Amino acid sequence: MIESISAMFSYSFMLRALTVGVLVSVCAALLGVSLVLKRYSMIGDGLSHVGFGALAVAAVTGTAELAAAIPVVVAAAVLLLRISENSKIKGDGAIALISTGSLALGVMVISMTSGVNTDIMNYLFGSILAMSDSDTVISAVLCIGVLIAFLMFYNRMFAVTFDEGFARATGSPAGTYNTLLACLTAVIIVLGMRMMGALLISSLIIFPPLTAMRLCRTFRGTVICSGILSGVCFVLGMFISFFCSTPTGASVVAVNIFAFALFSLIAWVKVCRAKAALS
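Report on the accompanying structure. (Residues numbered from 1 in each chain as written. Predicted model: local features only at pLDDT ≥ 70, side-chain atom pairs only at ≥ 80, totals over all residues. Heavy atoms only, no water.)

By secondary structure assignment, the location of G53 is in helix α3 (residues 43–61). Along the backbone, G53 and A69 are 16 residues apart, and their C-alpha atoms lie at a distance of 8.5 Å. (Helix = DSSP H or I, 4+ residues; strand = E, 2+ residues; numbered from the N terminus.)

Right, let's get into a nonpolar patch on the surface. Taken together, the side chains of I224, I228, V232 and L236 present a nonpolar region at the surface, about 370 Å² in accessible area. Summarising the element assignment, I228 is placed in helix α12 (residues 219–244). Of the residues examined, I228 reaches a relative accessible area of 54% and is grouped as exposed. (Patch = residues over 30% accessible without salt bridge, like charges linked within 9 Å, V, L, I, M, F, W, Y side chains within 5 Å. Areas by Shrake-Rupley, 256 points an atom, 1.4 Å probe, with all protein chains shown as cover. Salt bridge = Lys/Arg side-chain N within 4 Å of Asp/Glu carboxyl O. Buried < 20%, exposed > 50% of the residue type's maximum accessible area, 1.4 Å probe, protein only.)

What describes two packed helices is the angle between their axes and the distance between those same axes. The N-to-C vectors of helix α11 (residues 203–212) and helix α13 (residues 248–278) enclose an angle of 20°; their axes lie 9 Å apart at closest approach. Taken together, α11 and α13 sit at an angle that is classed as roughly parallel. For α11 against α13, the interelement crossing comes out left-handed. Contacts between α11 and α13 involve S203, L204, F207, P208, L210 and T211 from the former and V252, V253, N256, I257, A259, F260 and F263 from the latter. Taken together, the residues of the contact of α11 with α13 break down into 10 nonpolar, three polar and no charged. (Axes fitted to C-alpha atoms, helices over the stretch in contact; angles between N-to-C directions. Parallel < 35°, antiparallel > 145°, perpendicular 65-115°, else oblique. Left-handed = near helix turned anticlockwise from the far one by under 90°. Contact = heavy atoms within 4.5 Å. Nonpolar A, V, L, I, M, F, W, Y, C, P; charged D, E, K, R; others polar.)

Let's shift gears to unusual backbone geometry. Although it is not a glycine, S245 sits at a positive phi angle of roughly 55°. Its location among the elements puts S245 in the loop between α12 and α13.

For the pair helix α2 (residues 12–37) and α12, interaxial distance at closest approach is 8 Å and the crossing angle is 145°. α12 is crossed by α2, and the crossing has right-handed handedness. Each of M14, A17, L18, G21, V22, S25, V26, A29, L30, V33, S34 and L37 in α2 lies in contact with α12, whose residues at this interface are F219, T222, V223, S226, G227, S230, G231, F234, V235, M238 and F242. Residue classes in the contact of α2 with α12 are distributed as 15 nonpolar, eight polar and no charged.

So, on to the packing of aromatic side chains. The tally for this structure, following the rule as stated, stands at six aromatic pairs. An angle of 50° between the planes, with centres 5.8 Å apart, marks the rings of F153 and Y177 as tilted. On the criterion of sequence distance, the pair formed by F153 in the loop between α7 (133–152) and α8 (154–162) and Y177 in helix α10 (residues 174–196) is long-range, its members being 24 residues apart. On the numbers, 5.7 Å between centres and 45° between planes, the contact of Y154 with F219 is tilted. Within this pair, whereas Y154 is found in helix α8, its partner F219 is found in helix α12, the two being separated by 65 residues in sequence. Each member of the pair Y154 and F219 is classed as buried. (Phe/Tyr/Trp six-rings, centres within 6.5 Å; stacked < 30°, edge-to-face > 60°.)

Another point: the side chain of S203. Positionally, S203 belongs in helix α11. At 2.5 Å, the side chain of S203 and the backbone oxygen of L200 are in polar contact. (Polar contact = N/O pair within 3.5 Å; in protein donor to acceptor, adjacent residues only side chain to side chain.)

I43, L47, I188 and M238 are the most contacted members of the largest nonpolar core, which totals 66 residues. Ignoring any residue separated from it by four or fewer positions in sequence, one finds I43 in contact with L35, L80, I95, A182 and T185. Membership of the second largest hydrophobic core comes to eight residues, among which are A212, C216, C225 and V255. (Core = buried A, V, L, I, M, F, W, Y, C linked by side-chain atoms within 4.5 Å.)

On to α2, then. A rise of 1.5 Å per residue sets the reference length of α2, with its 26 residues, at 38 Å; its end C-alpha atoms lie 38 Å apart and thus fit the reference within 8%. Remark: the principal bend of α2, roughly 30°, maps to L31. (Expected span 1.5 Å × (residues − 1). Bend = angle between axes of the 7 residues up to and from the residue.)

Structure (C-alpha cells):
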C-alpha cells in the first residue's frame, strides 16, 4: 500500500493536481457557505457554463485559456448580481438565462470550427492532466489571494450572509461585498474546471457546506468544518481516481456524497438520542 502511494506521488501531474485541487476545494467550500445560506449556491453551476463558453472561444482563437476565461466569468458574475437586483429576472432565472446562453455559444463556436476539441472535452468533464507547471503556479497564487480576501472580509461576509438588510441599514456597502463574493467565486470556478469539469465544479461549492451544516451550528464552525472536509474529500477522491482508474471529478463528488450521507446519519443518531433522553 505504501509503495502504491509512493508511486502515485512520483507522478508530477498528480502533485500538481493535488496542490491546486486542495486549494480550490478549500476556497470553494469557504465561499460556498455564504452562497448556500444566501440560497445562491447554483451560481457556481451557472458560472461554470459561462467558463465553458469562454474556454471554447479561447481554445478556438488560440488565446491563453485562464487569461481569457477569468475576466469573462468575473464579468458574468457581476452581471448576474445586477440582473437579480435591478430587474424582474431574479435568482435562478438570471443564472439559467446566462448559463444556457454561454453553453450554447461555446458549442456553436466549436461546431463551426474543427469540431469537438479534446481540450474542451477536458474542461467539460475534467482532467488531472490539464494542469501545466505555469497553470499550477497561477492557480496557487490566485487561490491564496482568494483565501486572503475571504479572511480579510470575513466579518463583512458574515453580516451580509445572515442579515443583508441590517448590514445596509448600518451603512455597510452590502452590494460591494456581494460583488466581491461573486467575483471570488468566479475565479475559483475557472480554476476548478480544469480538474472537476464544468458539469461537476459546482459540487465543490454545494456539498461541503451542506455536509458541515448537518452537525455544525455556528457560522465559524461551519466554515472551518466545510473547508477541512472539502480538502479531505478531494484528496480521497484523487486516491480513488488513481487506484481505480475512475474520472477525477466524479470520484471527488462520490466521496462528497458519502460524507454527506455519513454526517446526516450522525446528525440523525444525535437527534434520536436527544429525544430518548427527554422521554
